Protein chains: 2
Amino acid sequence: MAPLGHRALPGASTVDHVSIDHLGDVPVYQQLAAILREQIASGELPGGRALPSHITLVQRYGVARGTAAKAVAMLVDEGLVRIVPGRGAYVQRRS
Amino acid sequence: MAPLGHRALPGASTVDHVSIDHLGDVPVYQQLAAILREQIASGELPGGRALPSHITLVQRYGVARGTAAKAVAMLVDEGLVRIVPGRGAYVQRRS
DNA sequence: CCCTATTTGTTCGTATGTATT
DNA sequence: AAATACATACGAACAAATAGG
């Protein structure tokens, strides 16, 4: 069994973002949720702003769409994000 | 149990919940396959009806998704169920 | 009104890694 | 060692809602 792609994410583009560790103990969807949660907390993703789409997250972080959806779903459960059907995911405006 | 013909509401599930024994000798996926097979045979799951999704089976019987998939795959092999990709698993219409 | 594109949600299939028996 | 079971992850396909042309 091939020891899974061990390549260190070649597209390590301008680290405007944190990379995902596909080999560590922390699940990918939890890592991605943590990244987005941090961007919300820091104001990089302010209230009312749309989150990157699933497809964008897939391209930007190298994860599967289902994994991206799972990460966003976590933020929805936490009340940080609101889904608008057919539109996208938006950062909740805090009162 | 499960008196046929007294169904007031279409979606009202008779909670005749058969439990899975995770400690016995019979593999979980075989137990689950037997449960579904019985529901098909009894008409509780008639021809054309969609089987519960993997996720539903996970929540309802407390098994892993892979185990639920394995159980459904058995019914497919037996010709009792037909898979429609992206849709779900449907009970075969018997002639 | 119809068509297309975008986005989210959900489905099944499959593979991997780990733990247990 | 082998079978079983679970969690995670990726891929592909279908559906519904929305928006714009």
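Above this text you will find the structure in question.
Quantities reported herein were computed from a predicted structural model and do not represent experimental measurements. (Residues numbered from 1 in each chain as written. Chains lettered and ligands numbered in written order. Predicted model: local features only at pLDDT ≥ 70, side-chain atom pairs only at ≥ 80, totals over all residues. Heavy atoms only, no water.)

Draft legend 1. How the structure looks around the overall build of chain A. Along its length, chain A carries three helices and two strands. Overall, chain A shows an N-to-C arrangement of helices and strands of α-α-α-β-β. Of all 95 residues assigned to chain A, the portion counted as buried reaches 26%. Counting contacts in chain A only where the partners sit at least 6 residues apart, residues at least 24 apart contribute 51% of the total. In the structure as shown, chain A presents an accessible area of about 6400 Å², 55% of it carried by carbon and sulfur atoms. (Helix = DSSP H or I, 4+ residues; strand = E, 2+ residues; numbered from the N terminus. Buried < 20%, exposed > 50% of the residue type's maximum accessible area, 1.4 Å probe, protein only. Contact = heavy atoms within 4.5 Å. Areas by Shrake-Rupley, 256 points an atom, 1.4 Å probe, with all protein chains shown as cover.)

Draft legend 2. Main features of the pattern of salt bridges. Residue and element names in this part refer to chain A. Within the structure shown, the criterion is met by two salt bridges over all chains. Across the salt bridge formed by R37 and E78, the nearest N and O atoms sit 2.9 Å from each other. Taken together, the positions of R37 in helix α1 (residues 28-41) and E78 in the loop between α3 (65-77) and β1 (81-84) put the pair 41 residues apart, joining distant regions of the chain. (Salt bridge = Lys/Arg side-chain N within 4 Å of Asp/Glu carboxyl O.)

Draft legend 3. Layout of the environment of L57 of chain B. Residue and element names in this part refer to chain B. Assignment of secondary structure puts L57 in helix α2 (residues 54-61). Accessibility expressed as a relative area gives 0% for L57, which makes it buried. For the pair L57 and T67, spaced 10 residues apart in the sequence, the C-alpha separation amounts to 9.5 Å. With residues near it in sequence (within four places) discarded, L57 still touches L32, L36, P52, G62, V63, A68 and V72.

Draft legend 4. Seen up close, the protein's contact with DNA strand C. Within the structure, DNA strand C sits among 15 residues, and H54 and R65 of chain A together with H54, R65 and I83 of chain B are positioned closest to it. If you look at DNA strand C and keep only atoms within 4 Å of the protein, 58% of those are sugar or phosphate atoms. Between DNA strand C and S53 of chain B there is a distance of 3.3 Å, counted from a phosphate oxygen to a side-chain nitrogen or oxygen. Partitioning the surface near DNA strand C into residue classes produces three nonpolar, eight polar and four charged. (Near = heavy atom within 4 Å. Polar contact = N/O pair within 3.5 Å; in protein donor to acceptor, adjacent residues only side chain to side chain. Nonpolar A, V, L, I, M, F, W, Y, C, P; charged D, E, K, R; others polar.)

Draft legend 5. Region of the structure containing α3 of chain A. Across its 13 residues, α3 of chain A extends 18 Å between first and last C-alpha, which sits within 8% of the 18 Å expected from 1.5 Å per residue. Downstream of α3 of chain A by a residue or two, G79 of chain A has a phi angle that is positive, lying close to 80°. (Expected span 1.5 Å × (residues − 1).)

Draft legend 6. Highlighting the pairing of β1 of chain A. All names here are of chain A. The pairing of β1 with strand β2 (residues 88-91) spans four bridges and is antiparallel. Among the inter-strand pairings, V81 is bridged to a residue of β2, identified as V91. In this antiparallel pair of consecutive strands, β1 and β2, the connection spans three residues, and G86 shows a positive phi of 80°. (Pairing = 2+ DSSP bridges.)

Draft legend 7. How the structure looks around the protein's contact with DNA strand D. Neighbouring DNA strand D are 25 residues; V28, Y29 and T67 of chain A together with V28 and T67 of chain B lie closest to it. A distance of 3.5 Å separates a phosphate oxygen of DNA strand D from a polar atom in the side chain of H22 of chain B. A64 of chain B is positioned with one of its backbone polar atoms (N or O) 2.9 Å from a phosphate oxygen of DNA strand D. Every element with two or more residues in the surface near DNA strand D is listed here: α1 and α3 of chain A together with α1 (28-41) and α3 (65-77) of chain B. Here the element with the most residues in the surface near DNA strand D is α3 of chain B; it accounts for three residues. Its residues assigned to classes, the surface near DNA strand D shows 12 nonpolar, eight polar and five charged.

Draft legend 8. View of the side chain of Q39 of chain B. Considering the arrangement of structural elements, one finds Q39 of chain B in helix α1. Excluding anything up to four places from it in sequence, Q39 of chain B contacts E44, L45 and Y61 of chain B.

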